[in-house]
Amino acid sequence: MTRVQPFHFRDSTVVVIDDDPSVRKALTNLFSSVGLNAHMFASIKEFLAWSMPDTPICLVLDVRMPGRNGLDFQQEFSRSHAEIPVVFITAHGDIPMSVRAMKSGAIEFLTKPFKDQDLLDAIYAGLAKSQTRREEMATIGDLRARYESLSVRERQVMDMVVKGQLSKQIAAKLRLSEITVKVCRGQIMRKMQATSLLELGRMSEKLDRIAN
């Protein structure tokens, strides 16, 4: 694995779910030695009762635990927390398990005993990825808020503008004056904080991808 240097990892969180007390203790000591903020849980149920902090998070998950299977939990958890990467650790791993984990978005699948540095590198990569995803989600949320501030008419005009239609064409289709359409276009650019029609088009494409 390519070694990834940690960013501001002191402002992030590592979560470990493993039913083996000796593993939790060893990882607590490891993370403490490098200044990582870590929380240990003996079960998925215990973890789900915890309130996650508003920070970049990397989840270190054992595959086989009493109750719910780690791989099944990953698939369910990732649907609602796509911004949290998963690193798997297991004493009983095989190729089908690792393939399934990676296909579901895991960034690493480590078999015990593993090298401390291999785990740290995976976690640093996960925390950086979590930070990037959080930034992307914040940008998307801001873009949605801008779009929702548009009136119904402004949304209609925006849809036509990004498709390359001229003001006179839009005016004819919506039965408006050309001046009204031009004013509406100006309001759209201001509310969407777009500096050009090209940028407005890119915003529209991103909104379409989010919707789909």
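About the cut-offs
Residues numbered from 1 in each chain as written. Predicted model: local features only at pLDDT ≥ 70, side-chain atom pairs only at ≥ 80, totals over all residues. Heavy atoms only, no water. Pairing = 2+ DSSP bridges. Helix = DSSP H or I, 4+ residues; strand = E, 2+ residues; numbered from the N terminus. Axes fitted to C-alpha atoms, helices over the stretch in contact; angles between N-to-C directions. Contact = heavy atoms within 4.5 Å. Core = buried A, V, L, I, M, F, W, Y, C linked by side-chain atoms within 4.5 Å. Buried < 20%, exposed > 50% of the residue type's maximum accessible area, 1.4 Å probe, protein only. Phe/Tyr/Trp six-rings, centres within 6.5 Å; stacked < 30°, edge-to-face > 60°.

Caption draft 1: Examining the sheet that holds strand β2 (residues 38–41) more closely. With parallel pairing, the five strands of this open sheet are ordered in space as β2-β1-β3-β4-β5. A strand with exactly one partner marks an edge of an open sheet, and here the two such strands are β2 and β5 (108–111). On average, each strand axis in the sheet is inclined to that of its neighbour by 15 degrees, with strand direction left out of account. Lying on the sheet, helix α1 (residues 21–33) is in contact with β1 (13–17), β2 and β4 (86–90); it crosses β2 at an angle near 180 degrees. Of the strands in this sheet, β1, β3 (57–62) and β4 touch helix α3 (residues 70–80), which is tilted by about 155 degrees from β3.

Caption draft 2: Representation of the nonpolar core in the model. Within the largest apolar cluster, 21 residues are counted, with the highest numbers of intra-cluster contacts made by L27, F31, L119 and I123. Of all the secondary-structure elements, those providing two or more residues to this core are β1, α1, β3, β4 and α5 (116–148). Top element by residues in this core is α5. It accounts for six residues. Leaving out residues up to four positions away in the same chain, L119 has contacts with L27, L30, F31, V60, V87, I89, L110 and F114. Counting 20 residues, the second largest nonpolar core, distinct from the first, contains I57, L59, I84 and F109.

Caption draft 3: The arrangement of the packing of aromatic side chains in detail. Inspection of the entire model under this criterion finds seven aromatic pairs. Ring geometry for F88 and F109: centres 6.0 Å apart, planes at 45 degrees, overall tilted. Taken together, the positions of F88 in strand β4 and F109 in strand β5 put the pair 21 residues apart, joining distant regions of the chain. Here F88 and F109 have matching classes, each one buried.

Caption draft 4: Here's a closer look at the environment of F114. Among the secondary structure elements, F114 is positioned in the loop between β5 and α5. Taking the C-alpha atoms as reference points, F114 and W50, separated by 64 residues in sequence, lie 28 Å from one another. The residues touching F114, leaving out its near neighbours within four places in the chain, are I89 and L119.

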